Amino acid sequence: MSAPIARPEVLSLRRSEIRILANAGMGRSDVLPFWFGESDLPTPMFIREAAAEAALAGKTFYTHNLGRSDLRAALSVYLTGLHGRPIGSERIAVTNSGVSALMIAAQAVISPGDRVVAVAPVWPNVVEIPRVLSAKVETVALEPAQGRWTLDLDRLMDALTPETKALFLNSPNNPTGWTLPAEDRAPILERCRRYGIWVISDDVYERLSFLGEHAPSLLEVADEDDRLISTNSFSKAWRMTGWRMGWLTLPPALVEPVGVLLEYNTSCAPDFIQSGAVAALEHGEAEIQALRSELLTQRDQVLEGLGRMGGVEAPSPDGGMYVFFRILGLGDSLAAAKDLIERAGLGLAPGSAFGPEGMGWLRWCFAARPEKNAEGLERLSRYLKG
Ligand SMILES: Cc1ncc(COP(=O)(O)O)c(C=O)c1O
């Protein structure tokens, strides 16, 4: 009998290089970590209190597959206000995290052997999730030009063929901060309509935009019956990474089948956690504004610091919480990131964790106190001076 091993598609999934690196440096008091994508502040207190009160009041039971109706209604109000277009609660499905939203979106529309296209470098889950479902993933690379990350729209158009099943977009993008320009939305949508391509848009950083209140969204140009799925999360805008709460905005015809998929994935989101999410939506706007302005200050701090060091290329991110930069002469990202841990006590994510397009680059999560960013910059500067 053959050995009891997992499916070949599962065995060939990439291991997270961020984890490899973090596991090597975690728990070391001499290492200053900037490797994960989260703020070093906990969730705002009023959200924690709402969930705690709900738990104490006994909200500890199963809920509806698609999420509690008050949470879906609050999401509808929030999204309608944000995007200036009616987005009804009947189009929303609550998920147990943004990554789960992405997995369920992929399970809903992708079959084994499908060809999907992703804009990269990108957070690894975006390309590995279709691979879990035995799809073939091709990437279109973002490129640095004039101090920003850019997407060559013609190259993306060429990659979107009648054989393409889905396009995965993440804007603002992790790790580069690239943000889909408003004027690129209509041509992308038009091409996807023509060939019946699904767009799965990972919008978890949409509120962390440095161009305005929110990043340009495909929800603003698409009709509700377009093949568009927006995946989103409470993790980033409301600093709720540990809560594992997200949602999907779906075309109406997909809601019922997604409810069935939710049953077989997690059945439903936890009841009292959904109470925290309702509080976040109803009272969280001031916190988001404050977070956005802090991130802008922190981004500028890190960009300026890197800019002062010779031999560093650091395109400016238009959103998100990361600077994706490279040190001229440092080739292998993982080796460089390990060396930075050993010799500088600095924990950065290796760019190759985000696909071969990121090789040679490093990611700095600047959602940290200014003193911590300053100390990190000081360590990098000393390291570069040798
Ligand atoms: C692009 C992107 N999408 C989704 C997520 C996942 O969010 P969640 O914590 O809700 O699973 C992340 C987390 O880093 C991310 O960077």
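Read on for an overview of the structure. (Residues numbered from 1 in each chain as written. Predicted model: local features only at pLDDT ≥ 70, side-chain atom pairs only at ≥ 80, totals over all residues. Heavy atoms only, no water.)

1. Description of the site of the ligand
Stated precisely, the cut-off is as follows: A molecule or strand has a residue near it when one of that residue's heavy atoms lies within 4 Å. Two N or O atoms count as a polar contact when they lie within 3.5 Å, although within protein this holds only if one can serve as hydrogen donor and the other as acceptor, and sequence-adjacent residues are included solely when both atoms are side-chain atoms. Using a 1.4 Å probe, accessible areas were evaluated by the Shrake-Rupley method; residue-level cover was limited to the displayed protein chains. Nonpolar residues are Ala, Val, Leu, Ile, Met, Phe, Trp, Tyr, Cys and Pro. Charged residues are Asp, Glu, Lys and Arg, and all others, Gly as well, are polar.
Near the ligand lie 13 residues; those nearest to it are Gly98, Asp202, Tyr205, Ser233 and Ser235. For the ligand, an oxygen atom lies 3.0 Å from a polar atom in the backbone of Val99. Here a nitrogen atom of the ligand sits 2.6 Å away from a polar atom, N or O, in the side chain of Asp202. In isolation the ligand has 390 Å² of accessible area, and contact with the protein removes 92% of it. For the shell around the ligand, the class distribution of residues is 4 nonpolar, 6 polar and 3 charged.

2. Quick notes on helix H5 (residues 98–109)
The criterion, for reference: Secondary structure elements are defined from DSSP: runs of H or I of at least 4 residues count as helices, runs of E of at least 2 residues count as strands, and each element is numbered from the N terminus. Any helix carries an expected span of 1.5 Å times its number of residues minus one. Remark: exposure states derive from per-residue accessible area (1.4 Å probe, protein chains only) relative to the maximum for the residue type, with buried under 20%, exposed over 50%, and partly exposed in between.
For H5, spanning 12 residues, the distance from its first C-alpha to its last is 17 Å, which sits close to the expected 16 Å at 1.5 Å a residue. Buried within H5 we find Gly98, Ser100, Ala101, Leu102, Ile104, Ala105, Ala106 and Val109. The backbone nitrogen of Val99 has a side-chain oxygen 3.4 Å away, supplied by the residue at the start of H5, namely Ser97.

3. Section: helix H4 (residues 69–83)
Between its terminal C-alpha atoms H4 stretches 21 Å, which fits the 21 Å expected from 15 residues at 1.5 Å a residue. Residues of H4 that are buried include every one of Leu71, Arg72, Ala74, Leu75, Ser76, Tyr78, Leu79, Leu82 and His83, and no others. Of the residues one or two after H4, Gly84 is the one with positive phi, at around 65 degrees.

4. Thoughts on the packing of aromatic side chains
Just so we agree on the cut-off: Stacked, edge-to-face and tilted labels apply to pairs of Phe, Tyr and Trp rings (six-membered ring for Trp) whose centres lie within 6.5 Å, assigned for plane angles under 30 degrees, over 60, and everything in between, in that order. When the NZ atom of lysine or the CZ atom of arginine is within 6 Å of a ring's centre and also within 35 degrees of its normal, the charge is said to sit over that ring.
Under the definition given, this model contains 14 aromatic pairs. Look at Phe325 and Trp364: their rings are 6.4 Å apart centre to centre, the planes differ by 55 degrees, and that puts the pair in the tilted class. Taken as a pair, Phe325 in strand S12 (residues 322–327) and Trp364 in strand S15 (residues 362–365) lie far apart in primary sequence, 39 residues in all. The positively charged end of Arg194 is found above the aromatic ring belonging to Tyr195, 5.6 Å away from the centroid. Just above the ring of Phe34 sits the side chain of Lys372; from NZ or CZ to the centre is 4.8 Å.

5. Quick word on the pairing of strand S7 (residues 164–170)
Let me state the cut-off plainly: Strands are labelled as partners when DSSP assigns at least two bridges between them.
For S7, the buried fraction is high: 6 of the 7 residues fall into the buried class. Bridging between strand S3 (residues 115–120) and S7 involves 4 bridges; their strand directions are parallel. Residue pairing in the sheet places Val116 in a bridge with Ala166 of S7. Both S7 and strand S8 (residues 198–202) contribute to a ladder of 5 bridges, which runs parallel.

6. Looking at the sheet that holds strand S2 (residues 92–95)
Paired through backbone hydrogen bonds, the strands of a sheet run either parallel or antiparallel to each other. Counted only if it meets this: Axis definition: a line fit to C-alpha positions, over the contact stretch in the case of helices; interaxial angles, taken between N-to-C directions, run 0 to 180 degrees.
Spatially, 7 strands are ordered S2-S10-S9-S8-S7-S3-S4 in an open sheet, and the strand pairing comes out mixed. If you trace the sheet from one side to the other, it starts and ends with S2 and strand S4 (136–141), each paired once. Adjacent strand axes in the sheet meet at a mean angle of 20 degrees when their direction is disregarded.

7. Notes on the nonpolar core
What counts is decided by this rule: By nonpolar core is meant a set of buried Ala, Val, Leu, Ile, Met, Phe, Trp, Tyr and Cys residues that side-chain atoms within 4.5 Å join together. Contact between two residues is taken to exist if any of their heavy atoms lie within 4.5 Å; hydrogens are not considered.
In this structure, Leu156, Phe234, Trp238, Phe325, Trp364 and Leu380 are the most contacted members of the largest nonpolar core, which totals 93 residues. Non-local contacts of Phe234, meaning those with residues more than four positions away in its chain, are made with Leu71, Leu75, Arg239, Met240, Met245, Gly246, Trp247, Ala277, Ala280 and Leu281. Membership of the second largest hydrophobic core comes to 30 residues, among which are Leu66, Ile104, Ala120 and Leu254.

8. Considerations on unusual backbone geometry
With an omega of 5 degrees, the peptide bond between Ala120 and Pro121 qualifies as cis. Mapped onto the elements, Pro121 comes out in the loop between S3 and helix H6 (125–132). Along the chain, Ser171 connects to Pro172 via a cis peptide bond; the corresponding omega equals -15 degrees. By secondary structure assignment, the location of Pro172 is in the loop between S7 and helix H8 (185–195). The phi dihedral of Gln146 is positive, around 45 degrees, even though this residue is not glycine. Along the chain, the position of Gln146 falls in the loop between strand S5 (143–145) and strand S6 (148–150). For Arg239, which is not a glycine, the phi torsion comes out positive at approximately 50 degrees. With respect to the helices, strands and loops of the structure, Arg239 is situated in the loop between strand S9 (228–233) and strand S10 (246–249). Taking relative accessible area as the criterion, Arg239 reaches 15% and is therefore assigned buried.

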